[in-house]
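# Working through the structure, step by step
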Amino acid sequence: DQRKLYQPSVAFDYRNHPEELLISKNADTFQMTTYQGGKISFSFSKRVLEVNVNSTQNLDPPIIQSSSLQVTDWKGQSSPKLNGTPLKLESYEKAFSLAIAPNQSSFLLGTQWALRHFDSQGQIKWKVPLSSIARAINVSQDHKLAVVACGDGTLRWFRLEDGQEIFVFFPHPDNKRWVLWTPSGYYDAAPLADSLIGWHLNHGQNEAPDFFPVAHFRLTYYRPELLAKVLEVLDEKLALQLLQED
């Protein structure tokens, strides 16, 4: 058979590198190894996607081994254990990534459809659904954020306290475009990258859907200063309020 059509992936792949998601103390910078080869890095302050960098200064890898929290059987398996005791997952759910909190009080497991936060006794603290596999996880040294590298090519920031999603970041494999956005759609982006995200509107089974790029609403949603404030206070509504008061 001859291949007639081929569409290469338009996302970075983070398979096989659950231990190579490095983040800064407050998670405002990350570095990640990709399955395609090489590393990517991004900093909220620089606002530039850097490729094939290998600077680990002030960046920490995830903690996956601990004398008090011994999490085993988690790499692609459906029966992870804490200190020999099985952890409860759903039927057919498999773990693919792990990060122990720096203070050893809890840990996170990433599966093919969820991010799970367990306490030191193996009891679930919270669970949030994911639309793709959690390939890698890290927890910031200040214990405020968890960063997850997902199978859809995104990186996602979650508030460690309650699992609230704070940011989503998509780096394009062209090594130039990137876009960072909040759950409400406020965003920051490299030039021409705000066509990568938007709103998908279905019209039923018999009609083609519409897609409205966020670029069409740039005057409303392009808010780099808001995203910087969200990183500071870890709450989108509070950040909006504080900026309106200034």
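Quick summary incoming for the structure in this document.

The rules we used
- Residues numbered from 1 in each chain as written.
- Predicted model: local features only at pLDDT ≥ 70, side-chain atom pairs only at ≥ 80, totals over all residues.
- Heavy atoms only, no water.
- Helix = DSSP H or I, 4+ residues; strand = E, 2+ residues; numbered from the N terminus.
- Buried < 20%, exposed > 50% of the residue type's maximum accessible area, 1.4 Å probe, protein only.
- Polar contact = N/O pair within 3.5 Å; in protein donor to acceptor, adjacent residues only side chain to side chain.
- Contact = heavy atoms within 4.5 Å.
- Arc of directions from axis to C-beta.
- Core = buried A, V, L, I, M, F, W, Y, C linked by side-chain atoms within 4.5 Å.
- Pairing = 2+ DSSP bridges.

### Digging into the side chain of T33
As for its placement among the helices and strands, T33 is situated in strand 2 (residues 29-33). Take T33: its relative accessible area is 8%, and that puts it in the buried class. Within polar-contact distance, the side chain of T33 engages the side chain of E20 at 2.5 Å. Ignoring sequence-local partners within four residues, the contact set of T33 consists of Y14, H17, E20, G38 and K39.

### What about the environment of F217?
Relative to the helices and strands, F217 is located in the loop between strand 19 (210-213) and helix 1 (218-221). Take F217: its relative accessible area is 35%, and that puts it in the partly exposed class. F217 sits 32 residues away from G185 along the chain, and the two C-alpha atoms are 10.0 Å apart.

### Considering the side chain of S140
Position of S140 relative to the elements: it lies in the loop between strand 12 (134-139) and strand 13 (145-150). Looking at S140, its side chain comes within polar contact range of the main-chain nitrogen of K144, at 3.3 Å. In contact with S140, not counting residues within four places along its chain, are I23, S24, K25, N26, A27, P102 and L145.

### Describing helix 3 (residues 236-245)
Considered for burial, the residues of helix 3 that qualify are E236, A239 and L240. One face of helix 3 carries all of its buried residues, which in axial projection span an arc of 100°. Opposite the buried face of helix 3, at more than 90 degrees from it, the exposed residues are K237 and E245. In the core, the buried residues of helix 3 are packed alongside helix 2 (224-233).

### A closer look at unusual backbone geometry
Of note, the phi angle at R47 is positive, near 60°, even though the residue is not glycine. Structurally, the position occupied by R47 is in the loop between strand 3 (39-43) and strand 4 (49-51). Looking at R47, the relative accessible area reads 34%, which means it is partly exposed. Here the phi dihedral of N83 falls at roughly 50°; this positive angle occurs in a residue that is not glycine. If you trace the backbone, N83 turns up in the loop between strand 6 (81-82) and strand 7 (85-86).

### Here we look at the nonpolar core
Membership of the largest hydrophobic core comes to 41 residues, with the highest contact counts inside it found for L21, F30, M32, L155, W157, F167 and F169. Counting residues per element, this core draws most heavily on strand 15 (residues 165-171), at five residues. Beyond its immediate stretch of four places on either side in the chain, F30 contacts L21, L22, I23, I40, S41, F42, L155, W157 and F169. Among the nonpolar cores identified, the runner-up in size contains 14 residues, and L108, L130, A146 and C150 belong to it.

### Some words on the pairing of strand 16 (residues 178-181)
Of the two faces of strand 16, the one carrying W178 and L180 and the one carrying V179 and W181 are both buried. Hairpin geometry of strand 15 and strand 16 is characterised by an intervening segment of six residues between the two adjacent antiparallel strands and by a positive phi of about 70° at N175. Both strand 16 and strand 17 (residues 187-189) contribute to a ladder of three bridges, which runs antiparallel. If you follow W181 over to strand 17, its bridge partner there is Y187.

### Considerations on the sheet that holds strand 5 (residues 71-72)
Strands pair in a sheet through their backbones, by hydrogen bonds, and they do so in one of two ways: parallel or antiparallel. Judged by pairing direction, the sheet is antiparallel, and its three strands sit side by side in the order 5-6-7 without closing on themselves. Of all the strands in the sheet, the pair left with one neighbour each is strand 5 and strand 7. Looking at chain direction, strand 6 and strand 7 are connected through two bridges and run antiparallel. In the strand pairing of strand 7, L82 is matched with T85.

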